[in-house]
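Understanding the architecture of this molecule
Next come the chains, spelled out residue by residue.
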Amino acid sequence: DVKVTQSSRYLVKRTGEKVFLECVQDMDHENMFWYRQDPGLGLRLIYFSYDVKMKEKGDIPEGYSVSREKKERFSLILESASTNQTSMYLCASSFPGQVNSPLHFGNGTRLTVT
Amino acid sequence: QQQVKQSPQSLIVQKGGISIINCAYENTAFDYFPWYQQFPGKGPALLIAIRPDVSEKKEGRFTISFNKSAKQFSLHIMDSQPGDSATYFCAATEPSGSRLTFGEGTQLTVNP
């Protein structure tokens, strides 16, 4: 079974802090994604990566950056956390080149910025 | 701008009833339409998916109906069970890659 592990289940940070959300997958997937989930807004893509050291902006990249130094690890960085970044963050991975390849999600990190 | 619109936002159904969730899309380049199911405390997981060359796909109690001309697709859950209580997301993607666009989600509650 594919496992996508997000390092923290809950995080509480202060406004202005630099925040790192970590994600590791164990299935050698090339594709990795960061989504945020908010009630009524669904899942919105923040950033994604199709290979090591490669990244592309999703639909809502403002205020975020990412790092992919190793194939299995994809980190989301909030450079200066703000209260409007309080949300559930979901990491996902998939095989490349297959349109039908399902996304495998982690269980999420609920971030609260105070 | 939401490219995939989903309704209703929440749905309450009695055990044994039919749950219906609808989605509409604008981008005619979309050619793969999956549904994801999310239980509380868990990430979403693929439930069922359809390509636009068929009008219906059934897997057990779950059926996707697809109307290409109307750019709409829907999920039907027959004989709904309390264990089906979850949040459901429709999604769509273009042929070029793996990037999914999700709908807003529907929170389904099936009462015993």
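Keep in mind it's a predicted model, so treat the numbers as computed, not measured. Along each chain, residues carry numbers from 1 onward, in the same order as the chain's sequence is written. Just so you know, chain letters begin at A and ligand numbers begin at 1, following the order they were written in. Whole-chain, interface and lining totals are the exception, using all residues; otherwise, since this is a predicted model, local features are given only for residues with pLDDT of at least 70 and side-chain atom pairs are given and counted only at 80 or more. Values shown for side chains rest on all heavy atoms present in the structure; no hydrogens or waters enter the calculation.

1. A short note on the overall build of chain B
Summing up its helical and strand segments, chain B has zero helices and 11 strands in all. We count a stretch as a helix when DSSP gives it H or I for four or more residues in a row; a strand needs E for two or more, and each element gets its number in order from the N terminus. Seen in sequence order, chain B has helices and strands lined up from the N terminus as β-β-β-β-β-β-β-β-β-β-β. A radius of gyration in this sense is built from C-alpha atoms; the matching globule rule multiplies 2.2 Å by the number of residues raised to 0.38. A globule of 112 residues ought to have a C-alpha radius of gyration of about 13 Å, and chain B, at 13 Å, matches this closely. Along the three orthogonal principal directions, the C-alpha set of chain B runs to about 40 × 30 × 20 Å. Scored against the burial criterion, the 112 residues of chain B give a buried share of 47%. Each accessible area is a Shrake-Rupley result for a 1.4 Å probe, and residues are judged covered by the shown protein chains and nothing else. Working note: accessible area of chain B is about 5,300 Å², and carbon and sulfur atoms make up 48% of it. Between buried and exposed lies partly exposed: a residue is buried under 20% and exposed over 50% of the maximum accessible area for its type, with that area taken using a 1.4 Å probe on protein chains only.

2. As for the confidence of the model for chain A
A residue's pLDDT is the confidence the predictor assigns to it, expressed on a 0 to 100 scale. Predicted confidence across chain A gives a mean pLDDT of 92, with 95% of residues reaching 70 or more. Summarising per-element confidence for chain A, the mean pLDDT is lowest in strand β7 (residues 56–57) of chain A (93) and highest in strand β12 (residues 109–113) of chain A (98).

3. Notes on the pairing of strand β8 (residues 64–70) of chain A
Residue and element names in this part refer to chain A. Note that β8 and strand β9 (residues 73–78) share five bridges and pair antiparallel. Paired with Y64 across the two strands is L78, which belongs to β9. The pairing criterion is simple: DSSP has to find at least two bridges between the two strands. Connecting β8 to the next strand, β9, in antiparallel fashion are two residues.

4. Topic: the interface of chain B and chain A
The interface is formed by 23 residues belonging to chain B together with 27 residues belonging to chain A. Here the quantity called buried area is the total loss of accessible area, with a 1.4 Å probe, experienced by two parts when brought into contact, counted for both. In total, chain B and chain A occlude about 1,800 Å² of area from one another, counting both sides; carbon and sulfur atoms represent 51% of this. Salt bridges are defined by distance alone: a side-chain nitrogen of Lys or Arg within 4 Å of a carboxyl oxygen of Asp or Glu. Across the contact surface, chain B and chain A share one salt bridge. Two N or O atoms form a polar contact when they lie within 3.5 Å of each other; inside protein one atom must be a possible hydrogen donor and the other a possible acceptor, and for residues adjacent in sequence the pair counts only when both atoms belong to side chains. On the surface where chain B and chain A come into contact, there are seven residue pairs in polar contact (both at pLDDT 80 or more). Each residue receives one of three labels: charged for Asp, Glu, Lys and Arg, nonpolar for Ala, Val, Leu, Ile, Met, Phe, Trp, Tyr, Cys and Pro, and polar for the others, Gly being one of them. Classifying every residue of the side of chain B that touches chain A by side-chain character gives eight nonpolar, nine polar and six charged. Any two residues whose heavy atoms approach within 4.5 Å at even a single point are treated as in contact.

5. Things to note about the pairing of strand β11 (residues 106–111) of chain B
Residue and element names in this part refer to chain B. Of the two faces of β11, the one lined by T106, L108 and V110 is fully buried and the one lined by Q107, T109 and N111 carries no buried residue. Here strand β2 (residues 10–14) pairs with β11 via five bridges, running parallel. Its bridge partner lying in β11, S10 is registered against Q107. Two strands pair when backbone bridges link them, and strand β9 (residues 86–92) and β11 are joined in this way by three bridges, in the antiparallel orientation. Bridge assignment links Y88 to a residue of β11, and that residue is T106.

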